[in-house]
Number of protein chains: 2
Amino acid sequence: MLSTMRIAELASASGVSATSIKWYVSEGLLPAGERTGYNQTEYGDDHLARLRLIRSLVEVGGLSVAAAKDVLVAADDPDHPFGNTLGVAQASLPTRTAPPSAASVARVAAAARRQGWTVWEDHPGLLAAAGVLDRYDALGRGDLATTLPAYLRAAEVVADADVDCISKNLDAGPAAAAQTVVVGTVLGDALFAGLRRMAQTSESVRRFDSGSPA
Amino acid sequence: MLSTMRIAELASASGVSATSIKWYVSEGLLPAGERTGYNQTEYGDDHLARLRLIRSLVEVGGLSVAAAKDVLVAADDPDHPFGNTLGVAQASLPTRTAPPSAASVARVAAAARRQGWTVWEDHPGLLAAAGVLDRYDALGRGDLATTLPAYLRAAEVVADADVDCISKNLDAGPAAAAQTVVVGTVLGDALFAGLRRMAQTSESVRRFDSGSPA
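Definitions and cut-offs
Residues numbered from 1 in each chain as written. Chains lettered and ligands numbered in written order. Predicted model: local features only at pLDDT ≥ 70, side-chain atom pairs only at ≥ 80, totals over all residues. Heavy atoms only, no water. Helix = DSSP H or I, 4+ residues; strand = E, 2+ residues; numbered from the N terminus. Buried < 20%, exposed > 50% of the residue type's maximum accessible area, 1.4 Å probe, protein only. Contact = heavy atoms within 4.5 Å. Areas by Shrake-Rupley, 256 points an atom, 1.4 Å probe, with all protein chains shown as cover. Domains from an automatic or database assignment. Buried area = accessible area lost by both parts, 1.4 Å probe. Salt bridge = Lys/Arg side-chain N within 4 Å of Asp/Glu carboxyl O. Polar contact = N/O pair within 3.5 Å; in protein donor to acceptor, adjacent residues only side chain to side chain. Nonpolar A, V, L, I, M, F, W, Y, C, P; charged D, E, K, R; others polar. Least-squares fit on C-alpha atoms with pLDDT ≥ 70 in both. UniProt positions renumbered as here; feature names shortened; annotations may be inferred. Pairing = 2+ DSSP bridges. Axes fitted to C-alpha atoms, helices over the stretch in contact; angles between N-to-C directions. Core = buried A, V, L, I, M, F, W, Y, C linked by side-chain atoms within 4.5 Å.

What follows deals with the overall build of chain A. Helices and strands together make up the secondary structure of chain A, namely nine helices and three strands. Its helices and strands in sequence order give chain A the pattern β-α-α-β-β-α-α-α-α-α-α-α, from N to C terminus. Within chain A, the fraction of its 214 residues that count as buried is 51%. Long-range contacts, defined here as pairs at least 24 residues apart, represent 59% of the contacts in chain A between residues at least 6 apart. Accessible surface computed for chain A: about 9,200 Å², of which carbon and sulfur atoms make up 54%.

Following this line, the structure appears as C-alpha cells:
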C-alpha cells in the first residue's frame, strides 16, 4: 500500500533533514515530490526508499554526494542496468590517493594474474590497491605488502559471494541487480572492515594469549 | 644521516601545507620543530616520517584528524605499545552508522563464533559489521547478508596475514609493531577494497562473458 507524506514526515521517517532532502532533489539524486497545492508537495514510499539508499552510500559508504549521484544515475540507466552500474559502483571508491606508480600497478596486476584473474590496467580497483602499496613504500613499510597474496585470495572469496548474490537478483530484474551491486559494493567494504578487525583481535588473542605480546 | 629543514622545505617534501603542519603541531599530532633563532624553526627527518604517516591515516584511511591523533598517541604509548595500539587502531573505523540493533550484533557474533572466533560483544568491528546488516535490512536487502559466511572466511585469511606481519615486526621493537598495526589496519582496508573490485570484475566477466548478463 502506498503512502504519501509531506516533506516534514519524509524527513522524520528517513532521518534526513528537509534541507538535505531539498538539496538532494536539486542535485538530481532524488526525484521531486508531487506538487499538490500552493506551497505543498507530497512524497511517496519511493522517495523514502531512495533516501535510505542515499544515506547508506553517503554515511556508510563514505561516498561524496557527487559520487552517490553518479552511482544512482548508473543504477537508474535502463540501457546498461548491470554492467554500467558495476563499473560505476567500482569507480566510486573514495580516491584519496595520488595516481599510483607504474611499478606498483604492474606489481598488483602481476600478482592478480598469478591468482588467475583477468586484469585491466586502468581498473579503479587496481589503481586504488597500487596507491596503497605506494603509501607502504613511502612509509618505509614495503614489508606490509607481503600480505598481498593473502589479500588476493580473500578478495576472491568475497567477490565470488558478491557475484553469487548479484546473479540471484538478476531474476528479480535489472533494477534489483543494479541495486545489489550499488549497495553490496559500497556497504560490503564496511562489513568486511568490521569483520577483519574482529578476526585480528581473535587471532592475536589466540597467538599472544592476552592479545598483546608485550 | 639526519637532515634538518625549514617548514617550507618540510611542506614541499611531505606534500603537506605549512598551515596544516602548524595545525598538526598545535593539535599534538606532530612534535614541534626546534626553535633555532628569531622566527626560525627547524624540522628533521622524524617530522617528515611522521607527516607521511599522518597523511596515510587521514587521506587513505579516511580518519578524522582527531581519530588519527588517538591512534598516533596510542602508538607512541611506551606502556602498552602493542595491545593498546591494536585496540585503538581498530576503534578508528569511521563510524558513520547509528548504534546497531541487538539482533544484528547477536547475528554477527553467532556467525563469528561458528567460525571459531573469540568474540567481544562491544568490539568496534562487531558493532560496525552489525550496523551494516541493519542498513541491509532498512533497504529491504537483508538477502545481501547471505554473503556473511564468505566474508567471515575471507576476513580470517586477511587477519591471519595481518597478525603474521605484526609478529614479524615484534623483533624490530614495539614501536615498529605499533606502526605496523596502525598502517596495516587502516591502509589494509583500502588495499582490500581495491582488490575486491578487481576480483568482482574478473569474476563477473568469467561468468557473464561481457561482465554484464544484460
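The structure having been displayed, the exposition proceeds.
Residue and element names in this part refer to chain A. Domains assigned within chain A are domain 1 (4-60) and domain 2 (69-208). Between the C-alpha centres of domain 1 and domain 2 the distance comes to 31 Å. Counting from both sides, the interface comprises nine residues of domain 1 and, opposite them, nine residues of domain 2. Interface of domain 1 and domain 2: buried area, both sides summed, is about 810 Å²; carbon and sulfur atoms make up 74% of it. When the area that domain 1 buries against domain 2 is broken down by residue, the three leading residues are Arg-50, Leu-53 and Leu-57, summing to 54%. Taken together, the connections running from domain 1 to domain 2 amount to zero salt bridges. Where domain 1 meets domain 2, there are one residue pair in polar contact (both at pLDDT 80 or more). The element contributing the most residues to the side of domain 1 that touches domain 2 is helix 3 (residues 45-60), with six residues. Classifying every residue of the side of domain 1 that touches domain 2 gives five nonpolar, two polar and two charged.

Between chain A and chain B, which share one sequence, the superposing operator has a rotation angle of 180° and an axial displacement of 0.0 Å; the RMSD is 0.0 Å. The transformation relating the two chain copies, once decomposed into turn and shift, fits a two-fold axis. Residues of chain A ranked by C-alpha distance from the rotation axis are headed by Ala-154 of chain A, positioned 2.2 Å from it. Taken as a fraction of all interface residues of chain A, those also at the interface in chain B reach 100%, which identifies the copy contact as same-surface.

Here the focus is the UniProt feature "domain: HTH merR-type" (unreviewed entry) in chain A. Following the UniProt record, one finds the feature "domain: HTH merR-type" (unreviewed entry) at residues 4-74 of chain A. As annotated, residues 4-74 of chain A comprises 62% helix and 15% strand, and the C-alpha atoms at either end are separated by 27 Å.

A separate point is the interface of chain A and chain B. In this complex, chain A contributes 93 residues to the contact, which on the side of chain B involves 93 residues. At the boundary of chain A with chain B, total buried surface from both sides reaches about 8,100 Å², with 68% on carbon and sulfur atoms. Area buried by chain A at its contact with chain B is led by Leu-191, Arg-197 and Met-198 of chain A, which between them contribute 9% of it. At the boundary of chain A and chain B, one finds 10 salt bridges. The shortest N-O distance in the salt bridge between Arg-196 of chain A and Asp-162 of chain B comes to 2.9 Å. Connecting chain A to chain B are 26 residue pairs in polar contact (both at pLDDT 80 or more). Listing elements by their share of the side of chain A that touches chain B, those giving two or more residues are helix 3, helix 5 (83-91), helix 6 (102-114), helix 7 (124-138), helix 8 (148-170) and helix 9 (174-208) of chain A. For the side of chain A that touches chain B, the leading source of residues is helix 9 of chain A, giving 28 residues.

Further remarks concern the sheet that holds strand 3 (residues 40-44) of chain A. Residue and element names in this part refer to chain A. Overall, antiparallel pairing links the three strands, which are arranged 1-3-2 in an open sheet. Across the chains shown, the open sheet's two edge strands, defined by having one partner strand only, are strand 1 (4-5) and strand 2 (34-37). Bridge count between strand 2 and strand 3: three bridges; the pairing is antiparallel. Across the sheet, residue Gly-37 finds its bridge partner in strand 3, namely Gln-40. Set on the sheet, helix 3 makes contact with strand 1 and strand 3; between it and strand 3 the angle comes to about 70°.

Okay, the nonpolar core next. Most often, soluble globular proteins keep nonpolar side chains buried together rather than apart. In terms of nonpolar packing, the biggest core is built from 113 residues, with Leu-195 of chain A together with Leu-195 of chain B touching the most fellow members. By residue number, the principal contributor to this core is helix 9 (residues 174-208) of chain B, which donates 11 residues. Once you skip the residues sitting within four places of it in the chain, Leu-195 of chain B turns out to touch Val-108, Trp-117, Gly-125, Ala-129, Leu-148, Tyr-151, Leu-152 and Ala-155 of chain A.

Another aspect to go through is the pattern of salt bridges. Scanning the entire structure with this criterion turns up 20 salt bridges over all chains. In this structure, Asp-143 of chain A engages Arg-141 of chain A in a salt bridge whose closest nitrogen and oxygen atoms are separated by 2.9 Å. Overall, the relative accessible area of 6% leaves Arg-141 of chain A in the buried class. Residues participating in the shared-partner salt-bridge network are Asp-160 and Asp-164 of chain A together with Glu-203, Arg-206 and Arg-207 of chain B.

Take the sheet that holds strand 3 (residues 40-44) of chain B next. Residues and elements named next belong to chain B. The strand order across the open sheet built from three strands is 1-3-2, with neighbouring strands paired in antiparallel fashion. Across the chains shown, the open sheet's two edge strands, defined by having one partner strand only, are strand 1 (4-5) and strand 2 (34-37). With two bridges connecting them, strand 1 and strand 3 associate as antiparallel partners. In the sheet register, Met-5 faces strand 3, and the bridge partner there is Tyr-43. The sheet contacts of helix 3 (residues 45-60) involve strand 1 and strand 3, and relative to strand 3 the element is tilted by about 70°.

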